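Descriptive structure summary
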Amino acid sequence: MTEAKHKQRLFELAFGHMAMQTVSTAARLGVADTLGDGELTGTEIAAALGTDAAVTTQLCSALTALGVLTQAESGHFRLTEVGALLRTDRADSLNSFTRMFTDPAIQAAWRELDTAVRTGGSTFGTVFGKSFFEYVGGDPELSKNFPATLRQSAVQTAEALPHHYDFGAFGTVADVAGGNGAVLAAVLAAHPGLRGILYDTAAAVGMSEGTLAAAGVADRCTVVSGDLATEVPAGADLYLIKNVVHYADDERAVTILGNIRRAMPPHGRLLIVDPVMPDTVDGSLPDTMYLSDLHMHLIGAARGRTRAQFEGLCARAGFTVTRFALLPAPMAFSMIEAVPGGGEH
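The paragraphs below set out a description of the structure included in this document. These numbers come from a predicted model, not from an experiment.

1. Points about the layout of surface pockets
Approximately 900 Å³ is the volume found for the second largest pocket. What lines the second largest pocket is a set of 28 residues, and nearest its centre among them are Leu 150, Ala 177, Asp 200, Asn 243 and Val 244. Put simply, the parts of the chain that give the lining of the second largest pocket at least two residues each are helix 11 (140-160), strand 4 (195-200), helix 13 (202-205) and helix 15 (250-263). In terms of residue class, the lining of the second largest pocket is built from 15 nonpolar, 8 polar and 5 charged.

The following block contains the structure:
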């Protein structure tokens, strides 16, 4: 890489927050929904949005440079495949995801990164005087976009997981903290001989009826509500828990995993789906995973764990880890398989 390219790369990094705000503004204003499958000039987009024509055109030009839009010689803008992901009428829309991670409250916590580096503490609670989850509950924007982001993560898991693990080797799978059942529905649909147990809070599983019915698996799935930090239902020989341990500190994680261990038969299996951080930055994960790791620390949720740390948690809960496997991009989550035995249980 030449010196000019080195400088250009640093410019790109320094201008990163500007790119973020450009894409965030497009998501919040609804530029992608306005364009849809068609093409419009900046003035026409502004007329539809009720915005200033000149600055809207500048915004669209910047979005074109970033690969979100493309522009014809006539001056008309059209969505690229990247930009189309900001449309809200797509099942795989990343509009809520984009708005959540670029929310002003999130950025306020990130602006205190230097404080976190100096002190080792999280920053969200310091800035707002309450935890991230408490804040989300009282903020109309985040209370909409954060759950939608989690649902989008579940959709990605549902697309990948049934094809990368041998669910057919089991009779019943319990999806612990399974939300609206999107992942479990996909697993059951891919394995007609499998039965399921969906377990989460009453509010979460209350949204599962339509999901399970749409997948044609409602007759093979039992829905149970409860608190996974208190107990987990028995009756499965495979217990799946995804994107949960990631948000828990060590003690809570051991409690949850211990509850699963007590519910599980001696021949059962545990499958954790979560990010696993390598011991060194070896290129196996996209750079966004390392930024996500910092993000988790700043909002006070937890931080990513290495293989050894997951093995330690599982051992404390009465499990022995037998396998790690990385799911395909863009998820970059890992499957951690464990069996009963060993540890402090």
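That covers the picture; the talk isn't over yet.
2. A closer look at the packing of aromatic side chains
Going through the model one piece at a time under the given rule, you end up with 11 aromatic pairs. Ring centres 5.3 Å apart and planes at 80° place the aromatic pair Phe 124 and Tyr 135 in the edge-to-face group. Of the two residues, Phe 124 is situated in helix 9 (residues 124-128) and Tyr 135 in helix 10 (residues 132-138); the sequence distance between them amounts to 11 residues. Between the aromatic rings of Phe 132 and Phe 146, the centroid separation amounts to 5.3 Å while the plane-to-plane angle is 90°, which identifies the pairing as edge-to-face. In this pair, Phe 132 is assigned in helix 10 and Phe 146 in helix 11, connecting sequence segments 14 residues apart. Connected via pairs of aromatic rings, a cluster forms that spans Phe 124, Phe 128, Phe 132, Phe 133, Tyr 135, Phe 146 and Tyr 247.

3. Some remarks on the side chain of Thr 102
Among the secondary structure elements, Thr 102 is positioned in the loop between helix 6 (95-101) and helix 7 (104-110). Its relative accessible area of 10% is what places Thr 102 among the buried residues. Excluding residues that lie within four positions of it along the chain, Thr 102 makes contacts with Met 20, Ser 24, Arg 28 and Gln 107.

4. Overview of the nonpolar core
Judged by nonpolar contacts, the single largest core of 33 residues is most densely connected at Leu 161, Phe 167, Val 173, Leu 271, Val 273 and Met 335. Those elements that provide at least two residues to this core are helix 11, helix 12 (182-190), strand 6 (238-242) and strand 7 (269-274). Per-element tally for this core: the top contributor is helix 12, with 6 residues. Those residues within four positions of Leu 161 in sequence are excluded, and the remaining contacts are Phe 167, Val 183, Leu 240, Leu 271, Val 273, Leu 327 and Met 335.

5. Brief notes about the pairing of strand 9 (residues 334-340)
Among the 7 residues in strand 9, 7 count as buried, and that is most of the element. Pairing of strand 8 (residues 319-326) with strand 9, which is carried by 7 bridges, proceeds in the antiparallel orientation. Of the residues in strand 9, the one forming a bridge with Val 321 is Ala 338.

6. A closer look at the pattern of salt bridges
If you walk through the whole model with that rule in mind, you get 12 salt bridges. Residue Glu 141 pairs with Arg 99 through a salt bridge whose shortest N-O separation is 2.8 Å. Residue Glu 141 is found in helix 11, and its partner Arg 99 is found in helix 6; the two are separated by 42 residues along the sequence. Salt-bridge contacts for Arg 316 lead to Glu 251; the nearest nitrogen and oxygen are separated by 2.9 Å. Highlighted residues: Arg 316 in helix 17 (residues 307-316) and Glu 251 in helix 15, separated in sequence by 65 residues. One salt-bridge network, held together by shared partners, links Arg 28, Arg 99 and Glu 141.

7. Observations concerning a nonpolar patch on the surface
A cluster of nonpolar side chains, Phe 11, Phe 15 and Met 18, forms an exposed patch at the surface whose accessible area comes to about 320 Å². If you trace the backbone, Phe 11 turns up in helix 1 (residues 3-14).

8. Points about the sheet that holds strand 9
Overall, mixed pairing links the 7 strands, which are arranged 5-4-3-6-7-9-8 in an open sheet. Edge positions in the open sheet fall to strand 5 (221-225) and strand 8, since each of these has one partner strand only. For this sheet the average axis-to-axis angle between neighbouring strands, irrespective of direction, equals 20°. Where strand 3 (residues 172-176) lies against strand 6, 4 bridges are found, and the strand directions are parallel. Paired with Val 176 across the bridge in strand 6 is Ile 241. Against the sheet, helix 17 engages strand 7, strand 8 and strand 9, with an angle of about 145° to strand 8.

9. A closer look at the side chain of Arg 261
One can find Arg 261 in helix 15. Classification of Arg 261 as buried rests on a relative accessible area of 17%. Reaching out from Arg 261, the side chain makes a polar contact with the backbone oxygen of Gly 318 at a distance of 3.3 Å.

10. Topic: the environment of Ala 189
Structurally, Ala 189 is set in helix 12. By relative accessible area, which is 44% here, Ala 189 ends up partly exposed. Those residues in contact with Ala 189 that lie beyond four places of it in its chain are Ala 215, Val 217 and Arg 220.

Rules used throughout
- Residues numbered from 1 in each chain as written.
- Predicted model: local features only at pLDDT ≥ 70, side-chain atom pairs only at ≥ 80, totals over all residues.
- Heavy atoms only, no water.
- 1 Å grid on protein atoms, 1.4 Å probe; cavity = no way out; pocket = protein on both sides within 12 Å on 5 of 7 lines; lining within 4 Å.
- Points joined across faces, edges and corners; volume = space filled by probe spheres on them.
- Helix = DSSP H or I, 4+ residues; strand = E, 2+ residues; numbered from the N terminus.
- Nonpolar A, V, L, I, M, F, W, Y, C, P; charged D, E, K, R; others polar.
- Phe/Tyr/Trp six-rings, centres within 6.5 Å; stacked < 30°, edge-to-face > 60°.
- Buried < 20%, exposed > 50% of the residue type's maximum accessible area, 1.4 Å probe, protein only.
- Contact = heavy atoms within 4.5 Å.
- Core = buried A, V, L, I, M, F, W, Y, C linked by side-chain atoms within 4.5 Å.
- Pairing = 2+ DSSP bridges.
- Salt bridge = Lys/Arg side-chain N within 4 Å of Asp/Glu carboxyl O.
- Patch = residues over 30% accessible without salt bridge, like charges linked within 9 Å, V, L, I, M, F, W, Y side chains within 5 Å.
- Areas by Shrake-Rupley, 256 points an atom, 1.4 Å probe, with all protein chains shown as cover.
- Axes fitted to C-alpha atoms, helices over the stretch in contact; angles between N-to-C directions.
- Polar contact = N/O pair within 3.5 Å; in protein donor to acceptor, adjacent residues only side chain to side chain.

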